[in-house]
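As a plain string of letters, each chain reads:
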Amino acid sequence: MTPAAFIESTPGELALSGAWTARGLGTIGGRLEAVSVSASSTMVVDAARVEAFDTAGAWVLQKLLRRLRGETSNVRVRDLRPEFVRLLELVDPQTIDQTAPSPPSPAPSSTLDRLGRSAVAAGAQAMALLGFVGEIAVAFAGAVAHPARIRWRPILYNLRSAGFDALPIVGLLSFLLGIVVAYQGADQLRQYGANIFIADLVGLSMLREFAPLITAIIIAGRSGSAYAAQIGTMSVTEEIDALRTLGIAPLDLLVLPKVLALAIALPLLTVFADVLGAFGGMLMARAQLGVGFGEFLDRFVKAVSVTAYLVGICKAPAFAIIIAVIGCFQGFRTHGGADSVGRQTTRSVVQSIFLVIVADALFSVAFSALDL
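Residues numbered from 1 in each chain as written. Predicted model: local features only at pLDDT ≥ 70, side-chain atom pairs only at ≥ 80, totals over all residues. Heavy atoms only, no water.

Participant: So what exactly am I meant to see when it comes to the packing of helix α8 (residues 198–236) against helix α13 (residues 338–369) here?
Facilitator: What describes two packed helices is the angle between their axes and the distance between those same axes. Running from amino to carboxyl end, α8 crosses α13 at an angle of 150°, the nearest separation of the two axes being 8 Å. The orientation of α8 with respect to α13, classified from their angle, is roughly antiparallel. Classified by chirality, the crossing of α13 by α8 is right-handed. Looking at side-chain class alone, the contact of α8 with α13 contains 13 nonpolar, ten polar and three charged residues. (Axes fitted to C-alpha atoms, helices over the stretch in contact; angles between N-to-C directions. Helix = DSSP H or I, 4+ residues; strand = E, 2+ residues; numbered from the N terminus. Parallel < 35°, antiparallel > 145°, perpendicular 65-115°, else oblique. Left-handed = near helix turned anticlockwise from the far one by under 90°. Nonpolar A, V, L, I, M, F, W, Y, C, P; charged D, E, K, R; others polar.)

Following this line, the structure appears as structure tokens:
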């Protein structure tokens, strides 16, 4: 390889050649001190014939560029190989930012172009989510095969935070929803003298649909967002990388306990919501229709079968898995800073509620086909 050299082909152009390495530099650093440029002219450093490049050459080149920029602001490097550019960026990132030619401004994208890019991004995210679900399934199978790997303390902690701590808000909203359902149906039932059928309306609507759905939506906004924010913050602060360095699988520590705890807590919260919703409807039935508590409960037991009750309970574990998986998935996709944490947390809530409603619709179609 030829030693490092340079020639000033024109007053505004400096051509570099040879091996700009620790062995090839020689005394070129002293000779570069004589290169100067007038304040009003532009200097172009042509690096097309640079054969080799290392950190020593990068340091000499960035020193030259800094000195030339002190004399004129119009200095740029041309035709430096991409691998040499990355090395120069490691030595001095500002050198690349200031010497790289400015990229051409992108052409305004059309509506069809934006739609296509959105579809591609959505498809890529769906595939990533599918892969994440597969990783969780593998981790769960490993935990079942080796029960000693199950972390009971995080599971119990998440049971308390996602289950017991959510009882007040779930109970209050379910109670109010039962009141609303009974109040909206009271006028119509009164017109036909069918006051007693308020028990059918409240019981079937709350136990089959409203109780599991409103509970899942509350938990998606309350716990799903907390999962995304917690894991996203750990990703930003590189705590997840530290866990991997220590040999701790993030899925075993951060994801499985949340999924298992929510799969246990959400059915129990749904039962609690059933009770409070029916109680709210019973109070409104007495206030608006004159249906006493004894009459309401007697009709309630006849109208609501065990099958209708189990239909609502069976939805809860599926909703819980959707909420926990989406929250953890969006948390792991966080990168950058605090802005990304907020963005992924918002996406987790939106996607969780959307998928819960889609799943509820699919359950309704399936149960209708099965005549349940």
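There's more to say after this.
Participant: Looking at this structure, how should I read empty space enclosed by the protein?
Facilitator: To find the voids left in a structure, one rolls a probe of water-molecule size over its atoms. Within this structure, the stated rule accounts for one cavity of 30 Å³ or more. Along the walls of the largest cavity sit A139, A143, R149, I150, R151, I155, D252, L256, P257 and L260, which together make up its complete lining. Of all the elements, helix α10 (residues 250–289) adds the most residues to the lining of the largest cavity, at four residues. Counted by class, the lining of the largest cavity contains seven nonpolar, no polar and three charged residues. (1 Å grid on protein atoms, 1.4 Å probe; cavity = no way out; pocket = protein on both sides within 12 Å on 5 of 7 lines; lining within 4 Å. Points joined across faces, edges and corners; volume = space filled by probe spheres on them.)

Participant: So what exactly am I meant to see when it comes to the packing of aromatic side chains here?
Facilitator: The way to describe two aromatic rings as a pair is by their centre distance and the angle between their planes. Per the counting criterion, the structure on display carries seven aromatic pairs. Measuring from ring centre to ring centre gives 5.4 Å for F53 and F84, while their planes differ by 40°; the resulting arrangement is tilted. Of this pair, F53 sits in strand β3 (residues 43–53) while F84 sits in helix α3 (residues 82–91), and the two are 31 residues apart along the sequence. In this structure F84 comes out as buried when scored by relative accessible area, which is 8%. (Phe/Tyr/Trp six-rings, centres within 6.5 Å; stacked < 30°, edge-to-face > 60°. Buried < 20%, exposed > 50% of the residue type's maximum accessible area, 1.4 Å probe, protein only.)

Participant: Is there a simple way to explain the layout of surface pockets in this structure?
Facilitator: By volume, the largest pocket amounts to about 200 Å³. Y157, N158, Y227, Q230 and K258 are the residues nearest the centre of the largest pocket, which is lined by 13 residues in total. Of the residues belonging to the lining of the largest pocket, the class tally is seven nonpolar, four polar and two charged. Looking at the second largest pocket, its volume works out to about 160 Å³. When contributions to the lining of the second largest pocket are tallied by element, the ones reaching two or more residues are α5 (111–145) and α13. When residues of the lining of the second largest pocket are assigned to their parent elements, the largest contribution, five residues, is made by α5. A class-by-class count of the residues in the lining of the second largest pocket yields six nonpolar, two polar and no charged.

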